[in-house]
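Observations on chain architecture
Residue strings, one per chain:
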Amino acid sequence: MRAVVQKDKKQSIPGRATLGCGVAVLASAALLSGCAGPAETRPAPGQGGPVHVLGPQDRLAAEHARQAAEHARLVAAARRWGLDRVPLTPPPPPKVKPEITARAGFEVAHQEDWDLPPVFTTIPTKQKIVFLTIDDGSEKDPDFLRMMQDLKIPYTAFLSDYLVKDDYGYFRTMQAEGHTLNNHTLHHPYLPGLSYEEQKDEICGMQKIMRKQFGKAPTVMRFPYGNYNQDSLRAAKACGIKYAPIWNEEVFVDHWEYREDDQKMRRGDIVLTHFRGRSEWNGTMIDDMRRFLNKVTREGYAVARLEDYL
């Protein structure tokens, strides 16, 4: 499924748009501007003096000012990390989560009657969003953490213990910043080549590590290489796994690969990349993320948080 995407054309970040009254001011100054509407006054508690209470127009102006300040911050962050434009903001999480089922052709025998975890590549949604997932944990680039925090880009990590055990702290920082850590087995084996008990040891063993190092055992895992059989799903369920997402696209520093024949992204697609650096790639994780974010933004997609839809 390898397909090389032509290098993206460089585009400049659009300048900050002219902001209306109440948008360009800071929240603290909104009360002094001509945009503020009439405000209420109430006695100060225990003192009898007046306290200024924001009226509806004041609150609206303050919210506009907050949004303008955040947009300006994101514009600066996008420039700092070399992006063509500011990444799009995802919609709020759905109030009713979509029903997740195994992708057609990805089921195993007794998939439904044994209630085995579904293997899927796309989340059912009408929103123009994709989901970023990052596997294994080999490269631990502090600039990557800073970049994603600056840009407020959500992602899900699937960790293998043999690659992360030298620095659990790196992934605790990731977790503290709101990103979810999930199971990718202890040693990243080809699971269908193992017995049921061996597969269970790989999956449940990683669940124990996750609980000890990160405070909880996840309910989501990714099978190494995307390979599995019925025993894999049985073992995963026995270890507390409810979902087994794989991917529809994979991004590298110099190209994309697609599962679908038309070589296009779709709404709700799960995108895979890896914790890799110059020792294995012709670039860094920053280069990888720049390619990913430039492409999805150019095509009108926002990056959403996978767990909000599960």
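Each value, and the rule that gives it
- For every chain, the first residue of its written sequence is number 1, and the numbers climb from 1 along that sequence.
- Given that the model is predicted, a residue must reach a pLDDT of at least 70 before its local features are reported, and side-chain atom pairs must reach 80 or more before they are shown or counted; all residues, however, enter totals for whole chains, interfaces and linings.
- Side-chain measures were taken over the full set of non-hydrogen atoms in the model, leaving aside hydrogen atoms and water.
- Under the scheme used here, helices are H or I runs from DSSP no shorter than 4 residues and strands are E runs no shorter than 2 residues, and both carry numbers assigned from the N terminus.
- Here, Shrake-Rupley sampling with a 1.4 Å probe gives the accessible areas, and only protein chains in the shown set may cover a residue.
- Only protein chains enter the calculation, and the probe is 1.4 Å; a residue is then buried if its accessible area is under 20% of its type maximum, exposed if over 50%, and partly exposed in between.
- Taking the helix axis as origin, the arc is that swept by the directions to the C-beta atoms.
- Within 3.5 Å is the distance limit for a polar contact, defined as a pair of N or O atoms, with the added protein rule that one can donate a hydrogen and the other accept it, and that residues adjacent in sequence qualify only through two side-chain atoms.
- Put simply, buried Ala, Val, Leu, Ile, Met, Phe, Trp, Tyr and Cys residues joined by side-chain atoms within 4.5 Å make one nonpolar core.
- Contacts are assigned to residue pairs with any non-hydrogen atoms lying within 4.5 Å of each other.
- The quantity known as pLDDT measures the predictor's confidence residue by residue, on a range of 0 to 100.
- Stacked, edge-to-face and tilted are the three classes for Phe, Tyr and Trp ring pairs, Trp counted by its six-membered ring, which pair at centre distances within 6.5 Å; planes under 30 degrees apart are stacked, over 60 edge-to-face, the rest tilted.
- A ring has a charge above it when a Lys NZ or an Arg CZ is no more than 6 Å from the ring centre and no more than 35 degrees off the ring normal.

1. Some details on the overall build of the chain
- Along its length, the chain carries seven helices and 12 strands.
- Element-wise, carbon and sulfur atoms account for 51% of the exposed surface of the chain, whose accessible area totals about 15,400 Å².

2. A short note on helix 6 (residues 230-238)
- Looking only at helix 6, the buried set comprises S232, L233, A235 and A236. Projected down its long axis, helix 6 carries its buried residues within an arc of 165°, all on one side.
- Two or three places before D231, at the start of helix 6, stands the capping residue N229, its side-chain oxygen 3.1 Å from that residue's backbone nitrogen.
- G240, located one to two residues past helix 6, shows a positive phi value of around 95°.

3. Thoughts on the nonpolar core
- The biggest cluster of nonpolar side chains holds 43 residues, and the ones touching the most others in it are L132, F144, L159, F171, M174, F275 and F292.
- For this core, the secondary-structure elements that each account for two or more residues are helix 1 (56-80), strand 5 (129-136), helix 2 (142-151), strand 6 (156-159), helix 4 (168-176), helix 5 (196-214), strand 10 (256-258) and helix 7 (285-298).
- A total of six residues in this core trace back to one element, the largest contributor, which is helix 7.
- Apart from the residues within four sequence positions on either side, L159 is in contact with D136, V164, F171, L181, N182, N183, H184, T185, M206, F214 and F275.
- Ranked by size, the runner-up nonpolar core spans 33 residues in total, among them I129, F131, M221 and L306.

4. Some remarks on the environment of R259
- For R259, the location among the structural elements is in the loop between strand 10 and strand 11 (270-274).
- A distance of 2.7 Å separates a polar atom in the side chain of R259 from the backbone oxygen of W247.

5. Quick notes on the confidence of the model for the chain
- When pLDDT is averaged along the chain, the result is 87, and 83% of the positions lie at 70 or above.
- Residue range residues 1-41 is modelled with pLDDT below 50. Its contacts to residues more than four positions away, or to other chains, number 80 contacts.

6. Comments concerning the environment of V303
- Tracing the chain through its elements places V303 in strand 12 (residues 302-304).
- In this structure, the C-alpha to C-alpha distance between V303 and P91, residues 212 residues apart in sequence, is 9.4 Å.
- Those residues in contact with V303 that sit more than four places away from it in its chain are L88, P90, V130, L132, I153, P154, F292, L293 and V296.

7. With respect to the packing of aromatic side chains
- Summed over the entire model, instances satisfying the criterion amount to 11 aromatic pairs.
- Taking the centre distance of 5.2 Å and the plane angle of 70° together, the rings of F131 and Y309 count as edge-to-face. Residue F131 is located in strand 5, and its partner Y309 is located in the segment after strand 12; the two are separated by 178 residues in the primary sequence. The residues F131 and Y309 share a single accessibility class, namely buried.
- With a centroid separation of 6.1 Å and an interplanar angle of 20°, the aromatic rings of W256 and F292 are classed as stacked. With W256 in strand 10 and F292 in helix 7, this residue pair connects regions lying 36 residues apart in the sequence. One exposure class covers both W256 and F292, and it is buried.
- The structure contains a cluster of three or more aromatic residues connected by ring pairs, namely F144, Y155, Y170, F171 and F275.
- Here the basic side chain of R259 rests over the ring of W247, its NZ or CZ set 5.6 Å away from the ring centre.

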